[in-house]
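Observations on the three-dimensional arrangement
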Amino acid sequence: MLQNLRKLQLSEVQRQGMRAAGQFNAQLMDYIRGFIQPGITTGEIDRLVHEYTISHKHTPATLGYLGYSKSCCTSVNDVICHGIPGPYALKDGDIINVDITSIVDGWHGDQSETFLIGSVSDKARAVTQCAFDAMHRAIAALTPGCTVSVIGENVVAEADKYGFTVVREYVGHGLGRRFHQYPNVPHFPDRKSRQDHLLPGMCFTVEPMINAGARFTKPDTTDNWTVRTRDGSLSAQFEHTILMTENGPEILTTCANGPKIGHRF
Ligand code: MF3
Ligand code: CO
Ligand code: CO
């Protein structure tokens, strides 16, 4: 068990590779931030992501990944994750999660943010706040060598404060030279996550998906990607890529202009 995890511990040179990937991805998130306004289509957001990545000579990780055909995911309102960019134009009152993953010199940076479009409902604001606070609470609770379940314990505790729920079918993940790798990072504590440890040198995501209603999911049977809440309730998500160091967690995808821990939406 520990033997498998030890293989994931990156050297200092490898960690620099992950830092560079995270920084580029965050810079890209800051670039698109200014465009996310009423009227822009999710397809236009994707084009901006694609062109920025290509013009910097990097690679959008989702493009062609398991047959996915876009350079980011755009998940609006009741879409939990993996929304496919297309003709939908954002309108006042929407919430949208934009999830971007880049490959920089073979290393992955993966992050997402939920954006509020114009004036949104109290419920939309609250579920967004909850997902943001849950992510930061979980990250702040991490210590070198802690169990993966620390993340789930903290996310569930934050969701419970609001009476909101935590999605179980989609989870965080290890990443590095591969997009999705061991360990699985569920946002609720389970048997496996109580056994897996986050050792110095390991990289992984924390990306809680919080539903305002029930936790259950409904994958779209037509496009086979879009995942909605089963009850049609709103869902929000934030994601950061984390490097565990000898001194604690280091967030690799911090934006210059993004919301910081403690932010009120
Ligand atoms: N970026 C997502 C994650 O956080 C994965 C998207 S895979 C795709 O893990 F194929 F749907 F794009
Ligand atoms: Co991820
Ligand atoms: Co992601």
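These remarks concern the structure in this document.

Thresholds applied
- Residues numbered from 1 in each chain as written.
- Chains lettered and ligands numbered in written order.
- Predicted model: local features only at pLDDT ≥ 70, side-chain atom pairs only at ≥ 80, totals over all residues.
- Heavy atoms only, no water.
- Donors = N, O, S within 2.8 Å, 3.2 Å for Na, K, Ca; no water.
- Tetrahedral: all angles 85-135°; square planar, octahedral: opposite > 155°, others 65-115°.
- Helix = DSSP H or I, 4+ residues; strand = E, 2+ residues; numbered from the N terminus.
- Buried < 20%, exposed > 50% of the residue type's maximum accessible area, 1.4 Å probe, protein only.
- Near = heavy atom within 4 Å.
- Polar contact = N/O pair within 3.5 Å; in protein donor to acceptor, adjacent residues only side chain to side chain.
- Areas by Shrake-Rupley, 256 points an atom, 1.4 Å probe, with all protein chains shown as cover.
- Nonpolar A, V, L, I, M, F, W, Y, C, P; charged D, E, K, R; others polar.
- Expected span 1.5 Å × (residues − 1).
- Contact = heavy atoms within 4.5 Å.
- Core = buried A, V, L, I, M, F, W, Y, C linked by side-chain atoms within 4.5 Å.

Coordination of the cobalt ion (ligand 2) by the protein involves Asp 110 (OD), His 173 (NE2), Glu 207 (OE) and Glu 239 (OE), with metal-donor separations of 2.0 to 2.2 Å. Every donor counted, the six donor atoms about the cobalt ion (ligand 2) form angles of 52 to 158° at the centre, which fits irregular coordination. Between the donor residues of the cobalt ion (ligand 2), the gaps in sequence give the motif D-x62-H-x33-E-x31-E. The cobalt ion (ligand 3) is placed at 3.3 Å from the cobalt ion (ligand 2), the two being bridged by Asp 110.

A few words on unusual backbone geometry. A cis amide bond, omega -5°, links Tyr 182 with the succeeding residue Pro 183. The residue Pro 183 is located in strand 8 (residues 181-185) in this model. Here the phi dihedral of Leu 66 falls at roughly 50°; this positive angle occurs in a residue that is not glycine. Its place among the elements puts Leu 66 in the loop between strand 1 (59-60) and strand 2 (73-76). The exposed category is assigned to Leu 66, whose relative accessible area is 68%. Phi at Asn 224 is positive, roughly 65°, even though this residue is not glycine. Note on Asn 224: relative accessible area 61%, which makes it exposed.

In the neighbourhood of ligand 1, 14 residues make up the surrounding shell, with Asp 99, His 173, His 180, Glu 207 and Glu 239 lying closest. Within the side chain of Glu 207, an N or O atom sits 2.8 Å from an oxygen atom of ligand 1. Burial of ligand 1 by the surrounding chains reaches 96%, relative to a free accessible area of 340 Å². When grouped by side-chain class, the residues that make up the shell around ligand 1 number five nonpolar, five polar and four charged.

With 14 residues, helix 5 (residues 149-162) should reach 20 Å at 1.5 Å per residue; the first-to-last C-alpha distance of 21 Å fits that figure. Among all positions of helix 5, only Ser 149, Val 150, Ile 151, Gly 152, Asn 154, Val 155, Glu 158 and Ala 159 are buried. Contacts from the buried residues of helix 5 go to helix 4 (122-140), strand 6 (165-166), strand 8, helix 6 (191-195), strand 9 (203-206) and strand 10 (209-211). At the exit of helix 5 stands Gly 163, carrying a positive phi of roughly 75°.

Within the largest apolar cluster, 35 residues are counted, with the highest numbers of intra-cluster contacts made by Val 127, Leu 142, Ile 151, Leu 198, Phe 204, Val 206 and Ile 210. In this structure, Val 206 is in contact with Met 135, Ala 138, Ile 139, Ile 151, His 187, Phe 238, Glu 239, His 240 and Ile 242, ignoring residues within four places of it in sequence. Residues Ala 26, Met 29, Ile 96 and Leu 243 belong to the second largest nonpolar core, which totals 29 residues.

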